[in-house]
Amino acid sequence: MIEVKHVTKTYGKKQNTFKALDDVSFEIPKGASVAILGKSGSGKSTLMHAMSGLDRPEKGEIVIDGKDILKLKTKQIDAFRSHQMSFIFQSFFVQANENCYDNVSLPLEIAGVPVGQRRRKIEAALQAVELLDKKKSRARDLSGGQKQRLAIARAIVNDPQILFADEPTGNLDSVTGNVVEKLLFAYNKNRGVTLIIVTHDPDLAKKCDMQIHIKDGKIESITGAKS
Amino acid sequence: MKVRDIVIRAGRSLRQAKARTLLTSLAISVGAFTVTLALAAGAGGQAYTDSLIKNNGDSNNLSVFAKIDEGQNDKPKEYGSQSESAKQGILNDKDIEKIQKIDGVAEITPEYNISAAYMTRGDGYKKYDTNLSIKTDRTAIPLAAGTLKDNQIPAGSVVVPEDYLESLGFANATDAVGKTIVVHIEKPSMIVGGKSTDSKDETFTVAAVDKKSATVLRYQAALRISPEDGKAIYEYQTAGRPGSNEYYTVNARVESGKDVKAVQESIKAAGYSVFSLQDLQQALFQFINIVQWGAAGFGFLAILASIFGIINTQYISVLERTQQIGLMKALGARRKDVGRLFRYEAAWVGFLGGAIGTFFAVATSLLNPWIAKSLSLEKGTDLLQFHPLTSVILILGLMLVAVMAGYFPARKAAKLDPIEALRTE
């Protein structure tokens, strides 16, 4: 369960202040799939950064499983992110010079997973996105869809509780986009992992259990939430 | 992150920027090369000086002279204010007795001035002019054949130069050992150019054959005999003459285990001038040290220059990999991990530079025979001598320097805001 309570984030100083998030509050049940919808500049990315502890709003609380992550020290948030959360980005951010295996290995290395346990996890993750045969291929030789699948493998390799996806299909054509969507939703349903998708694509948002519409840093509406 | 993982990732990043890595480490390797070479030449120089000293003198031997006025005052001295020996620059038996009593002096041998009329192998053989010298010290001499116990010539024996062998009719050096040589001694006339008053033959057994060596600085072919025989000949040649038992130089042997410097000081205090081989050795070593550290200094300057290269390279690397750093941080990598990644990369560059420089420096030791030849040093002399420990310390030092150079770039990477780093627009 993720509870966002009265979160406010301001950018800039003095006269030039700009409220990216203005008193935002909502709850996401465990294992739900949620779309955060909004136009560019609406504050949806800032909200994702705040929920993942990458950004620190000056007001409010973000309580994940009973713990306010904004009260944690940097080191603890880092550890929290490396063990509980994962990210998928619009531009993939796979390491082009590394092979698929090493790309997927990165989160395990950061989390300090013992060397002996890594191979099994990495191969399982690559298998899940059907890239096991590309294990030794360099990421730069992959197609766009394959790169995003590789990014998904990297995101799920350490069994996260929360998966953030920032415009996961934004750089993909509809066919490969569909494959990626299916992978994400299947993972969400089968593992009970909370999936939070930031998007401006209403079709993708409809496939989620819950939609949070953001406009000018404020919540416009929340649909699909179980009350 | 585990250190192992960071080291591997750092190595991988460097491999992906091969040209840049290589160029940066080449800059360091210039310094490493120069320093290694300077130290090697210094070590070789010291070793060579050591062997030079050993072959030219005996460090336990002190040459004692009459007190030489240090020349600070050229005014005439009052009559009777100076000792007789000091005035004449000559040492006599009284002086010898006095020096003998000084603590730490084992034995004392004057430098006898003797000469031989000719040498021959006996009746029916040709006669040859020869120099006759006495071996009083225990300097090691390079031998072609035979052995000398403690580098001393036993009484009744002679050491023959290799160059004499053919004339004396020996097939080779080994053939000569054990054979006898007759030396004809004349008692010189009191009148200059006059005929000798008396003469006799002395027979010596060849104990060893000595050979020329590039490390012996003043080599003079001569028959060398023991101090005992030398003294007998001296007494025979000077008996009843004025100036007998007066010497310019006497050799004092320091008891083994005693401090040569201390004995030298006590002889000096007794009113004599003393020269020891250690004085020379010290002066030479000091000179070598100055040259060595001077050359190494240029190497350190080169290393200093290369530090800026490392800093520059690492800054570029941080800029290039902004996105990777952002991703790592988003995935929960700590500041410390990111900083380490870049510091280890710098360490790799330092290691590579040190290794390349050391490799090429050690490779130049292949030139040792050529250097020895062109400087006409003793064959087999290695003027460049490498010590693995020195190289290991140098490489570790360079890694440390590189890590320090990489400090600011690594800090920049560690401080990078992941949100900024991952902004694609």
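(A) The arrangement of the overall build of chain A in detail. Secondary structure summary: chain A contains 7 helices and 10 strands in total. For chain A, whose C-alpha radius of gyration is 18 Å, the value lies close to the compact-globule estimate of 17 Å for 227 residues. Projected onto the principal axes, the alpha-carbon positions of chain A cover approximately 50 × 40 × 35 Å. In chain A, buried positions account for 48% of the 227 residues. Restricting the contact set of chain A to residue pairs at least 6 apart, pairs at least 24 apart contribute 70%.

(B) The interface of chain A and chain B, seen in detail. Taken together, the contact between chain A and chain B spans 21 residues of the former and 18 residues of the latter. Within the residue set of the side of chain A that touches chain B, elements represented by two or more residues are helix 2 (74–84) and helix 3 (100–111) of chain A. Here the side of chain A that touches chain B is built from residues that sort into 9 nonpolar, 7 polar and 5 charged.

(C) Geometry of the packing of helix 3 of chain A against helix 5 (residues 144–156) of chain A. Residues and elements named next belong to chain A. Across the interface, helix 3 lies against helix 5 with an axial gap of 7 Å and an inter-helix angle of 35°. Regarding helix 3 and helix 5, the two cross each other, and that crossing is right-handed. The residues of helix 5 that touch helix 3, namely those facing Cys-100, Asn-103, Val-104, Leu-106 and Pro-107, are Leu-150, Ala-153 and Arg-154. Of the residues in the contact of helix 3 with helix 5, the class split is 6 nonpolar, 1 polar and 1 charged.

(D) Just the domain arrangement of chain B, in detail. Residues and elements named next belong to chain B. You can read the domains of chain B as domain 1 (3–54 + 282–421) and domain 2 (61–276). Spacing between the C-alpha centres of domain 1 and domain 2 amounts to 55 Å. Taken together, the 6 residues of domain 1 in the interface contact 4 residues of domain 2. Of the residues that constitute the side of domain 1 that touches domain 2, the class distribution is 2 nonpolar, 2 polar and 2 charged.

(E) Representation of helix 1 (residues 44–51) of chain A within the structure. Residue and element names in this part refer to chain A. In terms of residue burial, helix 1 counts as a mostly covered element, since 8 of its 8 residues are buried. All of the buried residues in helix 1 are Lys-44, Ser-45, Thr-46, Leu-47, Met-48, His-49, Ala-50 and Met-51. Gly-53 lies just past helix 1 and shows a positive phi near 80°.

(F) Seen up close, the nonpolar core. The biggest cluster of nonpolar side chains holds 115 residues, and the ones touching the most others in it are A:Val34, A:Ile36, A:Ile152, A:Ala153 and B:Ala402. If near-sequence neighbours (up to four positions away) are discounted, A:Ile152 is found in contact with A:Ile88, A:Val129, A:Val180, A:Leu183 and A:Leu184. The next biggest cluster of nonpolar side chains, apart from the first, holds 23 residues, and it includes B:Ile114, B:Ile134, B:Ala145 and B:Ala176.

(G) Molecular detail of helix 2 of chain A. All names here are of chain A. Considered for burial, the residues of helix 2 that qualify are Ile-77, Asp-78, Arg-81 and Ser-82. Each buried residue of helix 2 lies within a common arc of 130° when the element is viewed along its axis, so the set occupies one face. In this structure, the buried side of helix 2 is in contact with strand 6 (85–88) and helix 3.

(H) The sheet that holds strand 5 (residues 67–68) of chain A, seen in detail. All names here are of chain A. The 4 strands are arranged 2-1-4-5 in an open sheet whose pairing can be described as antiparallel. Strands at the two margins of the open sheet, each flanked by one partner only, are strand 2 (18–28) and strand 5. As paired strands, strand 4 (residues 59–64) and strand 5 are joined by 2 bridges and run antiparallel to one another. Note on strand 5: the bridge partner recorded for Ile-64 is Lys-67.

(I) Quick peek at the sheet that holds strand 8 (residues 194–199) of chain A. Residues and elements named next belong to chain A. Reading across the sheet, the 6 strands line up as 6-7-8-3-9-10 and stay open at both edges, with mixed pairing between neighbours. The outermost strands of the open sheet, each flanked by one partner alone, are strand 6 and strand 10 (218–223). When strand polarity is set aside, the average angle formed by the axes of neighbouring strands in this sheet is 20°. Alignment of strand 6 against strand 7 (residues 162–166), held across 4 bridges, turns out to be parallel. By the bridge assignment for strand 7, Ile-88 is matched with Ala-165. Along the sheet face, helix 1 touches strand 3 (33–37), strand 7, strand 8 and strand 9 (210–215) and points at about 150° away from the line of strand 8.

Definitions and limits used
Residues numbered from 1 in each chain as written. Chains lettered and ligands numbered in written order. Predicted model: local features only at pLDDT ≥ 70, side-chain atom pairs only at ≥ 80, totals over all residues. Helix = DSSP H or I, 4+ residues; strand = E, 2+ residues; numbered from the N terminus. Rg over C-alpha atoms; globule rule 2.2 N^0.38 Å. Buried ≥ 20, exposed ≤ 12 C-beta atoms within 10 Å, placed from the backbone. Contact = placed C-beta atoms within 7 Å. Nonpolar A, V, L, I, M, F, W, Y, C, P; charged D, E, K, R; others polar. Axes fitted to C-alpha atoms, helices over the stretch in contact; angles between N-to-C directions. Left-handed = near helix turned anticlockwise from the far one by under 90°. Domains from an automatic or database assignment. Core = buried A, V, L, I, M, F, W, Y, C linked by C-beta atoms within 7 Å. Arc of directions from axis to C-beta. Pairing = 2+ DSSP bridges.

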